[in-house]
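One-letter residues, chain by chain:
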Amino acid sequence: MPDQNKQTIEFKKNIVNFDNSYSSLPEIFYQRINPVPVKSPELIIFNKNLGKNLGMDIEQPEECYAQIFSGNIIPDGASPIALTYAGHQFGHFVGQLGDGRAVLLGEVNTPKQRHDIQLKGSGQTQFSRQGDGRSALGPVIREYILSEAMHALNIPTTRSLAAVSTGEEVVRETLLPGAILTRVAKSHVRIGTFEYFAARQQWDNVKILADYAIERHYPEIKTSPNPNPYLAFLKAVAEKQATLIAKWMGVGFIHGVMNTDNSSIAGETIDYGPCAFMDNYDPATVFSSIDHHGRYSFGNQPKIAQWNIACLAGCLMTLIDDDQTKLKKELGKIIEDFSVKVNNAIEKIMCQKIGLNSKQNNAKTLLNKLLEIMKNNESDYTLTFRYMSDVLGEKGDSNFKKQFISKNEIAEWLNEWQSFIEQQKNSKKEIYHSMRAINPIYIPRNHLVERAIKAGVNNADYSVMTDLCSILNQPYKEQHVDSGYKNPAESSERVYKTFCGT
Ligand code: AMP
Ligand code: MG
């Protein structure tokens, strides 16, 4: 309930033009429900640039955004709904998930893109099961930092528009301060949304959803000649996922919960839970405390994405007529081809990271040799590539070599690499610049994120978070800041496990 002692101030309620489309789908696709008001919302952070891009009025007093992004005031034109979905969690099908702690406030259409505006942590819905419908402050800070950092790294992702503290506590293992994140997404249609209807054999609804997703995300399918639009749709989603996963692999991002309900049809990174960036290179790296068998380890991500695409294919199968056996075979081929597509995309990015073209003879062999040496030397995944570019610049090879314990092996590799560089058409200077544009120096390292969370949770001090966000906003540009922002954690601060925090 809103704080009775607080004077009620009238706020502008039309801060943005909503244009809702999902809420005109059949009612089974969602529950109409307003966010549950909170006691005393306070704005932690408001992403004004993003607000501006959405055509939002960004000049209102803070209190206005605190009220709207907490769900205490419903802005004009919003049509809050909680979305229905199911999903495979750790390989097991759960037939009923849905927005148990989120509502889609509405959609905003800009000339470039339609966006969902969602409040996460906004109270119980019919999908809450045993949950309280709320979010703790820590995971909200985490999602804000991580998603905005991913965006700055040019990786498709949901964005964070705002975070507010609620003035209420949530019960987890201990009492924790509560918060709400305002998330912006191309949409919240997930593979799990298709699975919800397919599991109930509601093929009409599968078709309605597929047509909706085509219209919203892949409209070109409607006008290009295809033997079957749903096959073309599957292929388009698979391509988007392959590109996305390759980009994750390029920066060492580990999603941590690649369940089908956390897999976006629009190809964005979505649902930042126990995700983390890898420090030293090891494909077996897992941070999530709930991923006991390493299903979602760094190196497994391409395979899991393929598994998820196969789940989507299973849902779409019935939209292809029984007599179209040739098309059904093509559907199988899309799943098979996924591994080639994703691996090619990864190789391309990884070769770019070392200044080479993946089509160049033996470039991949050279790359794999490096990865092997990095693994054996526990080299930092981010700094090794970044400092490799220095070898072609004025700074030379000393920082690069520091990433390796056994110096001989890497010295030999470096000689070989330099002879590859000599063979390139482009000048060394050009290669240096292209390497710097793909190899970040700043990533949201776990210990830095933890520091920001601690300051926020223990002292309501959000300056650590905002400082970190501003550095991560330009991840490729060396900034005049403490070297602690680029270096891995000292052993005392190292984070080995991350938690969902639900
Ligand atoms: P997630 O792990 O955030 O992807 O959520 C998985 C499912 O659990 C989704 O259906 C969520 O809506 C639901 N869920 C997670 N946390 C809560 C919560 N605190 N209250 C209600 N439902 C939740
Ligand atoms: Mg989820």
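Our structure is the block above this text.
These notes cover the structure that comes with them.

Conventions adopted
- For every chain, the first residue of its written sequence is number 1, and the numbers climb from 1 along that sequence.
- Naming scheme: in the order in which they are written, chains are lettered from A and ligands are numbered from 1.
- For this predicted model, a pLDDT threshold of at least 70 governs which residues receive local features, and a threshold of 80 or more governs which side-chain atom pairs are given and counted, while totals over whole chains, interfaces and linings are taken from all residues.
- Remark: hydrogens and water are excluded; side-chain values derive from all non-hydrogen atoms of the structure.
- Exposure classes here rest on a 1.4 Å probe applied to the protein chains alone. A residue is buried below 20% of its type maximum, exposed above 50%, and partly exposed in between.
- Segments assigned H or I by DSSP are reported as helices when at least four residues long, segments assigned E as strands when at least two residues long, and all are numbered from the N terminus.
- One requirement defines pairing of two strands: DSSP has to find at least two bridges between them.
- In protein, a polar contact requires one atom able to donate a hydrogen and another able to accept it; more generally it is a pair of N or O atoms within 3.5 Å, and residues adjacent in sequence count only if both atoms are side-chain atoms.
- Contact between two residues is taken to exist if any of their heavy atoms lie within 4.5 Å; hydrogens are not considered.
- Each residue is tested against the molecule or strand, and it is near if at least one of its non-hydrogen atoms lies within 4 Å.
- Here the open area of atoms and residues is found with the Shrake-Rupley method and a 1.4 Å probe, where only the protein chains shown may cover a residue.
- In this count, Pro and Cys sit with the nonpolar residues alongside Ala, Val, Leu, Ile, Met, Phe, Trp and Tyr, while Asp, Glu, Lys and Arg are called charged and the others, Gly among them, polar.

1. Description of the pairing of strand β10 (residues 175-185)
- Burial of β10 is extensive: eight of the eleven residues sit out of reach of the surface.
- Relative to β10, strand β7 (residues 114-120) runs antiparallel, the two being bridged by five bridges. When the bridges of β10 are listed, L119 appears paired with T182.
- Where strand β9 (residues 159-171) lies against β10, nine bridges are found, and the strand directions are antiparallel. Bridge pairing links R159 to V184 in β10.
- In this structure, the hairpin formed by β9 and β10 is closed by a connection of three residues.

2. Quick look at the side chain of S187
- Position of S187 among the secondary structure elements: in the loop between β10 and α4 (191-199).
- Polar contacts involving the side chain of S187 include one to the main-chain amide nitrogen of V189, which spans 3.1 Å.
- In contact with S187, not counting residues within four places along its chain, are D116, R216, H217 and E268.

3. What to know about the site of ligand 1
- Near ligand 1, the surroundings consist of 17 residues, among which G98, G100, R101, D132 and G133 are the closest.
- In the model, a nitrogen atom of ligand 1 is placed 3.0 Å from a nitrogen or oxygen of the D132 side chain.
- Take G133: an N or O atom from its main chain is 2.8 Å from a nitrogen atom of ligand 1.
- Compared with its free state, where it exposes 480 Å², ligand 1 has 86% of that area covered by protein.
- A per-class count over the shell around ligand 1 returns two nonpolar, eight polar and seven charged.

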